[in-house]
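Fold and geometry: a report
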Amino acid sequence: MKRLLKSIFSLKGLVAVLFVLFVVVPIMQSWRIEKLRDDAISALEKKRGSRVIVLIHRQESVNVLGVPLVRYINIEDSEAILRAIRFTDKNTPIDFILHTPGGLVLAASQIAKAIKRHPAKTTVFVPHYAMSGGTLIALAANEIVMDTNAVLGPIDPQLGDFPAASVLRVVERKPIDKIDDMTLVLADQSQKAIAQVTALAQELLSGKMPPEKAKEVAHRLASGIWTHDFPITVETAKELIGLPISTEIPGEVFLVTTLYPQAQQTQPSVFYLPGPRYKIGEPAGQETAIR
Amino acid sequence: MAIGDIFWLFFILSALQPMMQKRLLDFSRQRLISKIENDRGSRVILLVHRQETMSFLGFPVYKYISVDDSEEVIRAIHMTDKDIPIDLILHTPGGLVLASLQIAQAIKKHKGKVTAFVPHYAMSGGTLISLAAREIVMSDSAVLGPVDPQLGQYPAASVLKVIARKPIKDIKDQTLIMADQAEKAIFQVRESVKELMDGKPTNGKVDELARLLSEGTWTHDFPITYERAKALGLPVNSNIPDDVLKLMALYPQPTRTQPSVEYLPGPRTRREAASPAANG
């Protein structure tokens, strides 16, 4: 004992103690945060009797070279989410927590369609923002619940750096013999992209409003009447777009988002507690039999 | 004491020193913030962007109003009772329109009095946020800036000038694409400014003010001084408390990344009123 104390209080011992503090403590901390996240998600799941899926894209500040890393909805995300939906009993409601600047139309539309197909009630919580692809996903849900200050965004497609709608404006305004070939190529894609996204939005909205209304809303969101970063607030969404939106967001949702702080390192952006979700006392759905 | 021991001692001290310094700095910030909060009976939120130099390779890291900032600020607003005044201290070159507008609209919705303090500068997005406040308190030499939108490195207003001056068949396609966005962006920002200024005593100058600020009357880095802001009809005054300036001194140019929004945790509610369930 005495020897141990002596060795701790020797200078080299102190170095060892410091090493433990600097290396072991951060690891323990990250475990603790993970535990807290799991607890928060399972508290929300218990309260609402649902499966909770979290899709959070935080802009990782900088990587080694000082280049900001932009995160968005990609195929990995849609794959993980589709798997989560598949492992959810078809009578169990699904709650999504979305915090994203958007992403690939393909990935977002896959997620949106899977949500639309889910027979039980689906709810999308937007605690802060869900732009572009995030908004597309939100349109698919039975209910959108936004914080009073949260925003959605237009879903008009972007071709690389250019908004499809703006490319089409060029073709409208300029005589065709003066337009660059590449612009015409882009214009063709733009036309198709806008038509596709509009049709998709309309399909996602069908059953929630009369068809003519769904068509109009889809057109407003997808045809680029705003810039792509235009914040659609709760009021704008309710008035202009006529989406069914509530602002009764449970405190647990905020707790979950706070537990995903700006990360220092890359981390997966889809989170949910593993394992299937059943309603108690009901036989497992056929999806789960696949496992 | 052996020479090796001295080496280790030195090593340990130099490893601990930055940590202790940071703790001390944190502590004095917290003390000053809570002093201001007590004096003014308000919630204090800071939005400070200092340009950082990465110590590693020497690349400068430009900090601006990002979505993470708007999220933090709105979280702080949520944790503030709706009647409690908010004091927002801004020191920023601006940033994303989306994030700035979100903060501005949240401030506009807040029932209690919101005061924007500009000890040094709040350009672009920072100005947009200030416009939403009931009152803007600037130091004598502090500046605001125009809020005209920027597309990448080009000011939207200048892109539109090209369209106005050159025959359309000779304009490059890419410029036309940008022009379309520029048009929408300027319109949106102008309408937002009008909305934010709505209900404020501006002597019917709202339309003119929104136009001046958002349509590229000046270059984007044009300093709008206290006198000019007053002449424009903005609700400014120059009685900035010394404590706010002292507080800024506690946010020195950092050598490492650090969170850009800071406030004391915990909700602010009036003592006599029972606190309603806070989000958080």
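Numbering of residues starts from 1 in every chain and runs along the sequence as written. Starting at A for chains and at 1 for ligands, labels are handed out in the order in which the entities are written. Two thresholds apply to this predicted model, a pLDDT of at least 70 for residue-level local features and 80 or more for giving and counting side-chain atom pairs, whereas whole-chain, interface and lining totals are computed over all residues.

**Observations concerning the overall build of chain A**
To keep it simple, the criterion reads: Helical segments are the DSSP runs of H or I of at least four residues, strand segments are the runs of E of at least two, and each set is numbered from the N terminus. In this scheme every C-beta is placed from the backbone, and a residue whose C-beta has 20 or more other C-beta atoms within 10 Å is buried, one with 12 or fewer is exposed, and one in between is partly exposed.
On a plain count of helices and strands, chain A comes out with eleven helices and ten strands. Relative to its 291 residues, chain A shows a buried fraction of 42%.

**Remarks on the interface of chain B and chain A**
What counts, and what does not: Our contact criterion uses C-beta atoms placed from the backbone: two residues qualify when those atoms are within 7 Å. Three classes are used, and their members are as follows: Ala, Val, Leu, Ile, Met, Phe, Trp, Tyr, Cys and Pro are nonpolar, Asp, Glu, Lys and Arg are charged, and the others, Gly among them, are polar.
Contacts between chain B and chain A engage 35 residues on the former and 37 residues on the latter. Ranked by residue count, the leading element in the side of chain B that touches chain A is helix H6 (residues 173–197) of chain B, at eight residues. Tallied by class, the residues present in the side of chain B that touches chain A amount to 19 nonpolar, eight polar and eight charged.

**Let's talk about the nonpolar core**
Test applied: What we call a nonpolar core is a set of buried Ala, Val, Leu, Ile, Met, Phe, Trp, Tyr and Cys residues whose membership is set by joining through C-beta atoms within 7 Å. Residue ranges assigned to the domains are those given by an automatic or database domain assignment.
Val126(A) and Ala201(A) are the most contacted members of the largest nonpolar core, which totals 139 residues. Broken down by element, the residue count for this core peaks at eleven residues, all from H6(B). Residues from two domains meet in this core; each of domain 1 (24–145 + 223–266) and domain 2 (148–216) of chain B gives at least three. Ignoring sequence-local partners within four residues, the contact set of Ala201(A) consists of Leu136(A), Leu139(A), Ile155(A), Ala218(A), Leu221(A) and Ala222(A).

**Some thoughts on unusual backbone geometry**
What you tend to see is this: most non-glycine residues have negative phi, and most peptide bonds are trans. The backbone phi angle of Ser132(A) is positive, close to 45°, even though this residue is not glycine. Relative to the elements of secondary structure, Ser132(A) occurs in the loop between strand S4 (129–130) and helix H5 (133–140). Positive phi values are uncommon outside glycine, yet Ser124(B) reaches one of about 45°. Relative to the helices and strands, Ser124(B) resides in the loop between strand S6 (121–122) and helix H4 (125–132). Judged by local crowding, Ser124(B) falls into the buried class, with 25 C-beta atoms found within 10 Å.

**Concerning the sheet that holds strand S7 (residues 135–138) of chain B**
All names here are of chain B. Our working rule: For two strands to be treated as a pair, DSSP must find no fewer than two bridges joining them.
Taken in spatial order, the six strands make up an open sheet running S11-S7-S5-S4-S1-S12, and their pairing is mixed. The open sheet has two edge strands, strand S11 (236–237) and strand S12 (261–262), and neither has a second partner. In the sheet, strand S1 (residues 43–48) pairs with S12 via two bridges, with the strands oriented antiparallel. Across the sheet, residue Leu46 finds its bridge partner in S12, namely Glu262.

**Brief notes about the packing of helix H4 (residues 105–117) of chain A against H5(A)**
Residues and elements named next belong to chain A. The cut-off we apply is this: What counts as an axis is a line fitted to C-alpha atoms, over the stretch in contact for a helix, and the angles between N-to-C directions run from 0 to 180 degrees. Here the word oblique covers every angle except those under 35 degrees (roughly parallel), over 145 (roughly antiparallel) and from 65 to 115 (roughly perpendicular). Take the far helix as your reference; a near helix turned counterclockwise from it by less than a right angle gives a left-handed crossing, and one turned clockwise gives a right-handed crossing.
The contact between H4 and H5 brings their axes to 8 Å, and the two run at 15°. Between H4 and H5, the angle falls in the class roughly parallel. For the crossing formed where H4 meets H5, the hand is right-handed. Facing H4, whose interface residues are Val105, Ala108, Ser109, Ile111, Ala112, Ile115 and Lys116, H5 presents Gly133, Leu136, Ile137, Leu139 and Ala140. Looking at the contact of H4 with H5, its residues break down into nine nonpolar, two polar and one charged.

**Section: the confidence of the model for chain A**
As a note on interpretation, predicted positions should not be read in detail where pLDDT is low. Residue and element names in this part refer to chain A. The cut-off we apply is this: The score called pLDDT rates the predictor's confidence residue by residue, from a low of 0 to a high of 100.
With 82% of its residues at a pLDDT of 70 or more, chain A shows a mean pLDDT of 84. Element-level pLDDT for chain A is lowest in helix H11 (residues 286–289), with a mean of 36, against a maximum mean of 96 in strand S3 (residues 122–126). Between residues 264–269, whose pLDDT stays under 50, and residues either more than four places distant or in other chains, the model counts six contacts. This model gives residues 278–291 a pLDDT under 50, and the stretch forms 17 contacts once residues within four places in sequence are excluded.

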